[in-house]
Amino acid sequence: MGFLDLDAKAFGLSSELSEDVSTLDSLLETVLIEQEGTDLIELARRLMSDERPSPQDLFTAIPELRDPAKVRQLAKAFTVTFQLLNAAEQKEIVRVNRARSSRRESIGDAVSQLKARGKTAEEIQALLDRIEITPTLTAHPTEAKRKAVLDKLQSITVLLAMAVAPPSLTEPLNSRGTSIAEIRRTLTELWQTDEMRSQRLTVPEEVRNALYFFERTIMDVAPWLHEDLEDALRDAYPGTAFRIPAFLTYRSWVGGDRDGNPNVTAEITWQTLKEHRALALEVYLERASVLRKELTQSVKLVPVSQELLAAVEVDREAGLVGAQPSNRYSQEPYVLKMLAVEEQLRRTANGAGYADESEFLNELRLVQRSLLENRAGEIAGRGRLPHLIRQVEAFGFHLATLDIRQHSEQHEQAIEEVLHAAGVLSTGESYAEKTEAKKVELLTEELANLRPLLPFGYEVSENTRRVLDVFHVVRRARQELSPKSVTTYIISMTHGISDILEVLLFMKETGLSGELDVAPLFETIEDLHMSGDLMRSLFKNDAYKIHLAARDGLQEVMLGYSDSSKDGGYLAANWALQSTLTNLAQVSKDTGVPMRLFHGRGGTVGRGGGRANKAILSQPAGSFSGRIRFTEQGEVISFRYSLLPIAHRHLEQIVSAVLLSASGEGAAGAEAKYGEAMLRLEDVSRAAYRALVYEDPGFWSFYTQATPIEHISLLPIASRPVSRGGNAISGVEGLRAIPWNFAWVQSRTTLVGWYGMGTAMAAMIGEGGLGTLREMYQQWPFFQTVVDNAQLELVRAHIPTARLYAQRVRPKELGSRLQTVIEDEHRRTVETILQITQQPELLANSAVVRRTVEFRNPEVMPLSLLQVALMDSWGALSEEDRAGVWREAMLQSIAGIAAAMQSTG
């Protein structure tokens, strides 16, 4: 038996996964009975039965649920169930990938394909020299679990994997494996741990959470990928020596992203950069210490290089190795060298020691050369030493370069004050009211003027001081910590050239001219479409030409997936982004300015989520040179980076896709061939989406009643407000994309990942375009990815549950009308996709994914019932009750559905 008597095998899932699910379900039942008696189990089974009451009758039919503590604990029991299912599925992902003799979408698979396509060693080396892969961690508020909860769930996943293995050498002789007993203990700890944070996260806490993943997995996995590539190249091109640069590096927004978050101050940015450096040095010191204990070769048995001996003598004279160790290890020069390295790392952490990571790398490579020359090639080429070298190459002393991001409106307000203070604008003259052409003209002139704008000692307003202070901190960090600590400034909601020149003027004012890349972020569909023309004009601007030359001629451009989807709907946003890639590639070709594109993807499909490697392979042929950045957010980070094998799989798929895409393969000319059809689909889908979301006068009332958006804003999961202004939300425009998506996921509507698509495709089919759509799906990776991602969201949607939420809308006619509109579009989208893909059902080619969703649906319904009942009763609660256990019960239901759906926003 078990808490919910889960039978995964009945849904066609593997026997291994089914056994794990049954084990965890049974253990949870044991813990629940031990901790709470049988009450929760009996309540859960009543909610699972076909005779369960409606949400409106729930608290009357089951009086026990009038106790908010009971509701909270019941919601938590379901939450833990889904968290355990997620843990079991993670273990299953690792098992399946390890069982494969050769993994598809691995680095080895990509190199084999390139070899089969006739790529020469010279072409492969040229490819390696130009690829740059830069995942960027953000603090976007989409992780609902506390770190303490994450740790326990990860432990359960590891213990579950150990349960099928014989006892290890660290266990007693009479042990038959302690994993199951340990899972039960950990599960007890999990049950007794508060799921929800008592307070909203602070920015420093977000920084520490991000650093946790660097320390736990990221810094270890990076060398594995280099080793994978070395092995693949050796197998495919035997006898050829390749030079493999540090192709994978990381960046972060955590502590640098101040767009809409007043809590990210200049001081916090400075502290963040110091913590980055401190962690990198701490990890290197620990690895160097372990390495020292391995490199115990004695000169009595094997020689070492004269270069190493000379370096050891220099270390002695510099006082890096004390007299006692010098005598004790006189025959073990590698030990002496590593002792000196450790001392240098300690001094570096205290402000002395190595000037930068290149000095540290030189020391490690010196040791590596000596080992290679003296019969220790295996030690020099595999294992901890080359791994440490790869880590230092990838992470330096800065760990992850921190991006600075701010909204263009903040710059405009600050520049207004600065120009008035400098006398550039006369009293009463408004910068904001000038035309774009006049703004560009004024800013270009001021950038050519060497004088500072602000008079000495001038006291700016609080807003302007916040804008300027971050530039001063960046300058200090680049001088005192590392030039790699901050290299890019991102401008949210870039609408014109003036938005970019304003930042250049701030850089000039603070002594940073030419030191940072300035990356415009295009977020709305209109801005995406005009981005190519804007960049052409920007590259002609005299002031920007000077800046670009100082940045080695490379331009970074960021593309926003979340706001474009919120602006125009899923299909329109995807085509706007794809056509933007084509346009920017043409701009780059015409102007000779190379571009690095930064994809601001979210976790859900409606925010650019889905499989990142498929997205890379779907880019327009010829648009991708090999340089790519993309965001990793919230629950995506915790899923992809909590366990080393999962992180390895995620990143090997990314590297594989980059190698194949950057090699020039792809559906050449597809954008031109199908562009007219896509423009038609974009126009129709966008019109359908905006007719509902922006033009229907009742929509906002429907949305706020038919989703738990009001309660999502109470979740203490991030330091950033749910709206950019931080004020009360009064419409879709002011709502951030994450809570917008989050609410639709909670109500099981998942509208953002498909709405408008069915109308557009049905119109094209009605005009005789079915053959074209089928051809596009079969031959064009982009369109196939868009359709397949929509299939997933349509399957994840559960219309019977969505109806429960819509039925609470008042007036009832509004709820009925708009729910009918949504259901009609869902049905239409399903029907048209089945026509185009010629499948008997959605996700027929991804049956395991479909079965996994179907397996979870019956268990999600009780949580949805509880949540709707709580929403219905909310208005009758006192302010005290709303702030107490009833609030905790509501937030627990949100966390539970998030765990069930494996996504928030």
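None of the values given here were measured: they were computed from a predicted structure. Here, residues in each chain are numbered from 1, in the same order as that chain's written sequence. Given that the model is predicted, a residue must reach a pLDDT of at least 70 before its local features are reported, and side-chain atom pairs must reach 80 or more before they are shown or counted; all residues, however, enter totals for whole chains, interfaces and linings. By convention in this description, side-chain values take in all heavy atoms of the structure and omit both hydrogens and water.

Draft legend 1. Representation of the overall build of the protein chain within the structure. Secondary structure follows DSSP: runs of H or I at least 4 residues long count as helices, runs of E at least 2 residues long count as strands, and numbering of each begins at the N terminus. Secondary structure assignment for the protein chain yields 39 helices and 9 strands. In summary, the protein chain has a C-alpha radius of gyration of 29 Å against a globular reference of 29 Å for 905 residues, a match within 12%. Taken along its principal axes, the extent of the C-alpha atoms in the protein chain is 85 × 85 × 60 Å. Here a residue-residue contact requires only that any non-hydrogen atoms of the pair lie within 4.5 Å. By sequence separation, contacts in the protein chain at least 24 residues apart represent 82% of the contacts at least 6 residues apart. Surface accessibility follows the Shrake-Rupley procedure with a 1.4 Å probe radius. Residue values consider only the protein chains on display as shielding. For the protein chain, the accessible area works out to roughly 35400 Å², and carbon and sulfur atoms hold 50% of it. Atoms considered for the radius of gyration are the C-alpha atoms alone. The globule rule reads 2.2 Å times the number of residues to the power 0.38.

Draft legend 2. Molecular detail of the side chain of Asp-696. Checked against the element boundaries, Asp-696 lands in the loop between helix H28 (670-693) and helix H29 (699-706). Each residue gets one of three labels from its accessible area relative to the maximum for its type: buried under 20%, exposed over 50%, partly exposed in between, using a 1.4 Å probe on protein chains only. Given the relative accessible area of 15%, Asp-696 is considered buried. In terms of polar contacts, Asp-696 uses its side chain to reach the backbone amide nitrogen of Gly-698, at 2.9 Å. Residues adjacent in sequence count toward polar contacts only when both atoms are side-chain atoms; beyond that, a polar contact is any pair of N or O atoms within 3.5 Å, and within protein one must be able to donate a hydrogen and the other to accept it.

Draft legend 3. Representation of the pairing of strand S6 (residues 517-522) within the structure. The buried fraction of S6 is high, at 6 of 6 residues. The alternating pattern of S6 places Asp-517, Ala-519 and Leu-521 and Val-518, Pro-520 and Phe-522 on opposite faces, both of which are buried. Bridge count for strand S5 (residues 488-492) against S6 is 4 bridges, and the pairing is parallel. The partner of Tyr-489 across the bridge, within S6, is Val-518. In this fold, S5 hands off to helix H20 (residues 497-509), which returns the chain to S6; that crossover is right-handed. Strands were regarded as paired on the criterion that DSSP finds at least two bridges between them. Inspection of the sheet shows S6 paired to strand S7 (residues 555-560) by 2 bridges, in the parallel sense. Assignment of crossover handedness uses the view with strands pointing away from the viewer, where a clockwise path from the first strand over the helix to the second indicates a right-handed crossover.

Draft legend 4. Geometry of the sheet that holds S6. Taking strand neighbours across the sheet as the criterion, the 9 strands line up as S3-S2-S1-S9-S8-S7-S6-S5-S4 in an open arrangement whose pairing is parallel. Single-partner strands in this sheet number two, and they are strand S3 (401-402) and strand S4 (404-407). Of the strand pairs in this sheet, strand S8 (residues 595-600) and strand S9 (residues 627-633) are connected by 3 bridges, and their pairing is parallel. Bridge pairing in S9 links Leu-597 to Ile-628.

Draft legend 5. Layout of the pattern of salt bridges. The salt bridge criterion pairs a side-chain nitrogen of Lys or Arg with a carboxyl oxygen of Asp or Glu, the two atoms within 4 Å. Following the criterion strictly, the structure yields 68 salt bridges and no others. Lys-337 is the salt-bridge partner of Glu-363, the closest N and O atoms lying 2.5 Å from each other. Placement of the pair is Glu-363 in helix H14 (residues 357-373) and Lys-337 in helix H13 (residues 333-349), with a sequence separation of 26 residues. In this structure, a network of salt bridges that share partners links the residues Glu-132, Arg-251, Asp-403, Asp-517, Arg-551, Glu-556, Arg-596, Arg-627 and Arg-629.

Draft legend 6. Unusual backbone geometry, seen in detail. Omega for the bond connecting Arg-810 with Pro-811 falls within 30 degrees of zero, at 0°, which places this linkage in the cis form. With respect to the element layout, Pro-811 can be found in the loop between helix H35 (799-806) and helix H36 (812-837). Positive phi values are uncommon outside glycine, yet Thr-750 reaches one of about 45°. Examined against the element boundaries, Thr-750 turns out to sit in the loop between helix H31 (737-746) and helix H32 (757-766). For Leu-843, which is not glycine, the phi torsion reads 60° and is therefore positive. On the secondary structure map, Leu-843 appears in the loop between H36 and helix H37 (847-874). Given the relative accessible area of 6%, Leu-843 is considered buried.

Draft legend 7. Broad picture of the packing of aromatic side chains. Centres within 6.5 Å are what make two rings of Phe, Tyr or Trp a pair, Trp counting through its six-membered ring; a difference in plane orientation under 30 degrees is then read as stacked, over 60 as edge-to-face, and the rest as tilted. The tally for this structure, following the rule as stated, stands at 29 aromatic pairs. Consider the rings of Trp-575 and Trp-780, whose centres lie 6.0 Å apart with planes at 75°: the pair is edge-to-face. Of this pair, Trp-575 sits in helix H24 (residues 570-591) while Trp-780 sits in the loop between helix H33 (770-779) and helix H34 (781-796), and the two are 205 residues apart along the sequence. Among the residues examined, Trp-575 registers a relative accessible area of 5% and is labelled buried. Here the aromatic cluster, defined as three or more aromatic residues joined through ring pairs, consists of Phe-699, Trp-700, Tyr-703, Trp-740 and Trp-744. Over the ring of Trp-191 we find Lys-76, and its NZ or CZ is 5.3 Å from the ring centre. Counting as a charge over the ring demands two things of the Lys NZ or Arg CZ atom: a distance within 6 Å of the ring centre and an angle within 35 degrees of the ring normal. The lysine or arginine in question, Arg-476, covers the ring of Trp-270, its NZ or CZ lying 3.8 Å from the ring centre.

Draft legend 8. Looking closely at the pairing of S9. Judged by how many residues are buried, S9 sits mostly within the fold: 6 of 7 residues are covered. Bridging between strand S1 (residues 132-138) and S9 involves 7 bridges; their strand directions are parallel. Its bridge partner being in S9, Thr-136 is matched across the sheet by Thr-631.

Draft legend 9. Representation of the nonpolar core within the structure. Residues belong to a common nonpolar core when they are buried Ala, Val, Leu, Ile, Met, Phe, Trp, Tyr or Cys residues joined through side-chain atoms within 4.5 Å. The biggest cluster of nonpolar side chains holds 124 residues, and the ones touching the most others in it are Leu-681, Trp-740 and Phe-783. Setting aside residues no more than four positions away along its own chain, Trp-740 makes contact with Lys-566, Tyr-689, Val-693, Phe-699, Tyr-703, Val-732, Leu-735 and Val-752. Counting 93 residues, the second-largest nonpolar core is a separate cluster that includes Ile-133, Ala-280, Val-312 and Leu-659.

Draft legend 10. Seen up close, the side chain of His-387. Residue placement: His-387 occurs in helix H16 (residues 384-395). A relative accessible area of 19% means that His-387 is categorised as buried. There is a polar contact of 3.1 Å between the side chain of His-387 and the side chain of Glu-227. Sequence-distant contacts of His-387, that is, excluding residues within four places in its chain, are made with Pro-223, Trp-224 and Glu-227.

Draft legend 11. Local environment of the environment of Gln-867. By the secondary structure assignment, Gln-867 is in helix H37. The sequence separation of Gln-867 and Ser-747 amounts to 120 residues, and the corresponding C-alpha distance is 9.4 Å. In this structure Gln-867 touches Pro-708, Gln-746, Tyr-805, Met-890, Ser-893, Ile-894 and Ile-897, once residues within four positions along its chain are discounted.

Draft legend 12. How the structure looks around helix H4 (residues 68-99). Expected span of a helix: the number of residues minus one, times 1.5 Å. Its 32 residues place the ends of H4 46 Å apart at the C-alpha level, agreeing with the 46 Å of an ideal helix rising 1.5 Å per residue. Of the residues flanking the start of H4, the one acting as N-cap is Asp-67, its side-chain oxygen 3.0 Å from the backbone nitrogen of Ala-69.

Draft legend 13. Structural context of the packing of helix H17 (residues 408-421) against helix H19 (residues 462-480). Following both chains from N to C, one finds H17 and H19 inclined at 105°, their axes separated by 9 Å at the closest point. On the basis of their axis angle, the class for H17 and H19 is roughly perpendicular. The residues of H19 that touch H17, namely those facing Gln-410, His-411, Gln-413, Ala-414, Glu-417 and Val-418, are Asn-463, Thr-464 and Val-467. Across the contact of H17 with H19, the residue classes tally to 3 nonpolar, 5 polar and 1 charged. Fitting a line to C-alpha atoms yields each axis, with helices limited to the stretch in contact; the angle taken between N-to-C directions then spans 0 to 180 degrees. Note that the term roughly parallel is reserved for angles under 35 degrees, roughly antiparallel for angles over 145, roughly perpendicular for angles of 65 to 115, and oblique for everything else. When residues are grouped by polarity, Ala, Val, Leu, Ile, Met, Phe, Trp, Tyr, Cys and Pro land in nonpolar, Asp, Glu, Lys and Arg in charged, and all others, Gly among them, in polar.

Draft legend 14. Quick peek at the environment of Gly-514. Topologically, Gly-514 is positioned in the loop between H20 and S6. Residue class for Gly-514 comes out buried when judged on its relative accessible area of 18%. In contact with Gly-514, other than residues within four places in its own chain, are Met-507, His-547, Ala-550 and Arg-551.

Draft legend 15. Highlighting the environment of Glu-393. Structurally, Glu-393 can be placed in helix H16. For Glu-393, a relative accessible area of 24% puts it in the partly exposed group. Within the structure, Glu-393 has its side chain in polar contact with the side chain of Arg-390 (distance 3.0 Å).

Shape is all these values report; function is a separate question.
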